Amino acid sequence: MRHFCDHNATTPADPRVLEAMGPWLGLAANASSLHTEGRAARRALEDAREHAAQLLGAEPRDLVFTSSATEANNTVIRNWDGPCAVSAIEHPSVLEPASAVVGCRLLPVDSLGVLVLRALDAALASGVRHVALMAVNNETGAVQPWQEAAARCAEAGASLHIDAVQAAGRIAFTVPTGKGMSLVLSGHKLGGPQGVGLLWLAPETRLKPLLRGGGQERMRRA
């Protein structure tokens, strides 16, 4: 018998998830359509949004469904318009788009792979406007001080983007408070299907969508 122990890479789909998805896999209905099937699909979509909001302690209207956490990370970071700082242990979907932002710097971690908060303080004092920090590292499992980082960023008037992909279903957490905050999850990391990501945006956050061509997700993702 083989045992699958690589849940940091992906989790097997929970049987309850497969059961919930079943009725919709054979329904050819566009959630933007006005006919009966379309309205049913839209209701299912919004029900899913409400369940996800409960997990995060957030409002459903602040959630954006994406195709992956990678897309969600890129959506946020490609909207950054000033000096930024990201921890040196971030996922490539954060590190690579951040490297294209003018004035981006890497924040060091200590011998346990945990962000050095004094380095964050120095970056904020120098005028950094955007910060990205994962909640839990995908390779080492090191839990990052994202709550402390959120408080420091809020005090400095900087935004904080949290990659919480490895945190959901493993540690208790809620979305941070503060203007410009954002957070991402990935369905296949917590018993859901591959090809589903979730982006939470602090209320009244404005951003240009990464994907254009439709008005879905409250004009935030076509």
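Residues numbered from 1 in each chain as written. Predicted model: local features only at pLDDT ≥ 70, side-chain atom pairs only at ≥ 80, totals over all residues. Heavy atoms only, no water.

Undergrad: So what's going on with the nonpolar core? Residues and values would help.
TA: Within the largest apolar cluster, 37 residues are counted, with the highest numbers of intra-cluster contacts made by Leu56, Leu160, Ala164, Phe173, Leu183, Leu185 and Trp200. Listing elements by their share of this core, those giving two or more residues are α2 (36-56), β1 (63-66), α5 (117-125), β4 (130-134), α6 (146-156), β5 (159-163), β6 (182-186) and β7 (197-201). Apart from the residues within four sequence positions on either side, Leu183 is in contact with Leu56, His161, Ile162, Ala164, Phe173, Pro176, Leu198, Leu199 and Trp200. (Core = buried A, V, L, I, M, F, W, Y, C linked by side-chain atoms within 4.5 Å. Buried < 20%, exposed > 50% of the residue type's maximum accessible area, 1.4 Å probe, protein only. Helix = DSSP H or I, 4+ residues; strand = E, 2+ residues; numbered from the N terminus. Contact = heavy atoms within 4.5 Å.)

Undergrad: With reference to specific residues and values, describe the pairing of strand β2 (residues 84-87).
TA: The side-chain alternation of β2 yields two buried faces, one formed by Cys84 and Val86 and the other by Ala85 and Ser87. Where β2 and strand β3 (residues 104-107) come together, four bridges link them in parallel fashion. Residue pairing in the sheet places Cys84 in a bridge with Cys104 of β3. With helix α4 (residues 92-99) bridging β2 and the parallel β3, this β-α-β connection has right-handed handedness. Sheet topology places β2 next to β4; three bridges connect them, and they run parallel. Directly across from Val86, in β4, lies its bridge partner Ala132. (Pairing = 2+ DSSP bridges. Right-handed = clockwise from strand over helix to strand, strands pointing away.)

Undergrad: Give me helix α3 (residues 69-77): which residues, what numbers.
TA: For α3, the tally of buried residues reaches eight of nine residues, placing the bulk of the element in the interior. Of all the residues in α3, the buried ones are Ala69, Glu71, Ala72, Asn73, Asn74, Thr75, Val76 and Ile77. On its buried face, α3 is in contact with β1, α4, β5, β6 and β7. Its side-chain oxygen at 3.4 Å from the backbone nitrogen of Thr70, Ser68 defines the N-terminal cap of α3. (Polar contact = N/O pair within 3.5 Å; in protein donor to acceptor, adjacent residues only side chain to side chain.)

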